[in-house]
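Chain and residue survey
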Amino acid sequence: MKLSLWEDLRMLGNLFLVRTTSDPEKKTARLYEMYPPDRLVVEDTNYYNLGYWPGCTKLDEAAQALADEVADTAEFKPDDTILDVGFGYGDQDFHWIDKYGPSKIIGINITKTHIRIATDRAKERGLTDRIDFREGSATAIPLPDNSVDKVVALESAFHFATRADFFAEAHRVLRPGGVLVTADIIPMEGGKPKADIRSHAIKWIRVMIDDANWYPRKRYGEILESAGFESVEVRSIRDEVYEPWREYHVRRLQDPTFKSRSSKLFYKMVAVAHRDQDLLKDELTSLDYVVSAARKPQKP
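The written sequence of each chain sets the order in which its residues are numbered from 1. Only residues with pLDDT of at least 70 get local features here, since the model is predicted, and only at 80 or more are side-chain atom pairs given and counted; chain-wide, interface and lining totals rely on the full set of residues. Computation of side-chain values covers all heavy atoms of the structure but excludes hydrogens and water.

Thoughts on the overall build of the protein
Keep this limit in mind: Every helix listed is a DSSP run of H or I at least four residues long, and every strand listed is a run of E at least two residues long, numbered separately from the N terminus. Each radius of gyration is computed over the set of C-alpha atoms, and the globule rule expresses the reference value as 2.2 Å times the number of residues to the power 0.38. Note on exposure labels: buried denotes an accessible area under 20% of the residue type's maximum, exposed denotes more than 50%, and partly exposed covers the range between, all computed with a 1.4 Å probe on protein chains only. The contact criterion used throughout is that any non-hydrogen atoms of two residues lie within 4.5 Å. Reported accessibility uses the Shrake-Rupley method at a 1.4 Å probe radius. Residues are deemed covered only where the shown protein chains occlude them.
The number of helices and strands found in the protein is 12 helices and seven strands. Its C-alpha atoms give the protein a radius of gyration of 19 Å, near enough to 19 Å, the size a compact globule of 300 residues would have. Its C-alpha atoms give the protein principal-axis dimensions of roughly 55 × 50 × 40 Å. In the protein, which comprises 300 residues, the proportion classed as buried is 56%. Look at the contacts in the protein between residues 6 or more apart in sequence, and 75% of them connect residues 24 or more apart. For the protein, the exposed area adds up to about 13500 Å²; of that, 50% sits on carbon and sulfur atoms.

Examining the sheet that holds strand 6 (residues 230-236)
Put simply, the rule is: When DSSP locates at least two bridges between a pair of strands, those strands are taken to pair. Think of each axis as a best-fit line through the C-alpha atoms, taken over the contacting stretch in the case of a helix, with angles from 0 to 180 degrees between the N-to-C directions.
Sheet architecture is open: seven strands sit in the order 3-2-1-4-5-7-6, paired in mixed fashion. A single partner strand is all that each edge strand has here, and the edge strands are strand 3 (131-135) and strand 6. The average undirected angle you get between the axes of adjacent strands in this sheet is 15 degrees. Packing against the sheet, helix 4 (residues 91-100) makes contact with strand 1 (81-85), strand 2 (104-109), strand 3 and strand 4 (148-154), and its axis sits at approximately 160 degrees to strand 3. The strands touched by helix 8 (residues 217-226) within the sheet are strand 5 (174-187), strand 6 and strand 7 (287-295), with strand 6 carrying the most contacts at an inclination of about 160 degrees.

Overview of empty space enclosed by the protein
We apply this condition: Only protein atoms enter the 1 Å grid used here. Points where a 1.4 Å probe fits but cannot escape make up a cavity, open sets with protein on both sides within 12 Å along at least five of seven lines make up a pocket, and a residue lines them when an atom lies within 4 Å of a point. Grid points are joined across faces, edges and corners, and a volume is the space filled by probe spheres set on the points. Residue polarity is assigned by list, with Asp, Glu, Lys and Arg as charged and Ala, Val, Leu, Ile, Met, Phe, Trp, Tyr, Cys and Pro as nonpolar; anything else, Gly included, falls into the polar class.
Counted according to the given criterion, the structure contains two cavities of 30 Å³ or more. Estimates place the volume of the largest cavity at around 40 Å³. As for the largest cavity, its lining consists of Leu-50, Ile-185, Ala-201, Ile-202, Trp-204, Ile-205, Tyr-242, Trp-245 and Leu-287. Listed by contribution, the elements that provide at least two residues to the lining of the largest cavity are helix 7 (204-208) and helix 9 (242-253). A breakdown of the residues in the lining of the largest cavity according to their chemical character gives nine nonpolar, no polar and no charged. Forming the boundary of the second largest cavity are Lys-192, Ile-197, Trp-214, Glu-283, Ser-286 and Leu-287. Of the residues contributing to the lining of the second largest cavity, the split by class is three nonpolar, one polar and two charged.

A closer look at the side chain of Thr-182
Put simply, the rule reads: Here a polar contact is taken to be a pair of N or O atoms separated by no more than 3.5 Å, where protein atoms must pair a possible hydrogen donor with a possible acceptor and residues adjacent in sequence count only if both atoms sit in side chains.
For Thr-182, the location among the structural elements is in strand 5. Among the polar contacts listed, one links the side chain of Thr-182 to the side chain of Tyr-220, at a separation of 2.8 Å. Only 2.6 Å separates the side chain of Thr-182 from the side chain of Ser-292, close enough to count as a polar contact. Other than its neighbours up to four places away in sequence, Thr-182 contacts Ala-153, Phe-166, Phe-167, Tyr-220, Val-290, Val-291 and Ser-292.

Some points on the pattern of salt bridges
How we decide: Put simply, a salt bridge is a Lys or Arg side-chain nitrogen that is within 4 Å of an Asp or Glu carboxyl oxygen.
Counted under the stated rule, the structure contains 23 salt bridges. We note a salt bridge from Lys-150 to Asp-80, for which the minimum N-O separation is 2.8 Å. Pair noted here: Lys-150 is in strand 4 and Asp-80 is in the loop between helix 3 (59-74) and strand 1, with a separation of 70 residues, a long-range link. Neither Lys-150 nor Asp-80 differs from the other in exposure class; each is buried. Asp-91 is paired through a salt bridge with Arg-121; the nearest N and O atoms lie 2.8 Å apart. Taken together, the positions of Asp-91 in helix 4 and Arg-121 in helix 5 (residues 112-124) put the pair 30 residues apart, joining distant regions of the chain. Here the salt bridges do not stand alone but share partners, grouping Glu-43, Asp-44 and Lys-58 into one network.

Observations regarding unusual backbone geometry
The peptide bond linking Ala-161 to Thr-162 adopts the cis configuration, its omega dihedral lying at 0 degrees. Within the secondary structure, Thr-162 sits in the loop between strand 4 and helix 6 (163-173). A positive phi is found at Glu-155, a non-glycine position, where the angle reads about 55 degrees. Mapped onto the fold, Glu-155 is located in the loop between strand 4 and helix 6. Residue Glu-155 is classed as buried on the basis of its relative accessible area, which comes to 10%. Located in the positive-phi region is Ser-231, a residue other than glycine, with phi close to 50 degrees. Secondary-structure assignment places Ser-231 in strand 6.

Here it is as structure tokens:
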């Protein structure tokens, strides 16, 4: 059996498990087990986010720009210990080490394939003394109180059960004066109800984001404040995310290189997801995309 066929069968098996699993962490882990590095839309990296697109034409560039936006918002410094919650295949962490030079990055994740591949990549780069990828839950972070300077969640917090519980855990592990930054998908105020989303490209939101995490920008900030944070900012970057992300997928599907390197099943899944562009454009107007920043007070 060819490897691509085996991976396609594995993808279908995980898709079935995603749709039939009620436990939110198991559901999330199985979703991302569906997408090994050769089942991604990016061209040269293993990033798995929607991207921040000013000046970018490729998803790889935009995904890295979003990682930079998170790092710059958090004001990464060379002596920082950073906790990255939901690190994917580790691309942003390797980039942050190269560009910002933090002392240490600890990554936690619940997807075993991500942990294994990211750890192997860290070993290949000789970075295991500075990057520590491990299994761990965002709502029960396996770190002591007051142990890190920055906590970041790059397009992952909408999965956590719940996001509010993650905010509380982030507050616990941050040192006084430490900063939490997220890049996150939320609804626009007055947008279409989540249950009414029909576009296949974003229909996953109905299944993968719990109602407890589905609230607009103002409420997002209030929950951060309730967790004990101050200097809370929740700003929308949706205009630099959704439309260029949509346009990129239209171009990518017309790229013969993408079609030739993809399995038939994966290419068909992407093509079907983006088939009705009018519906997708309409439903994206109901989605916000935010970068939030919040600081743990210096004194309790």
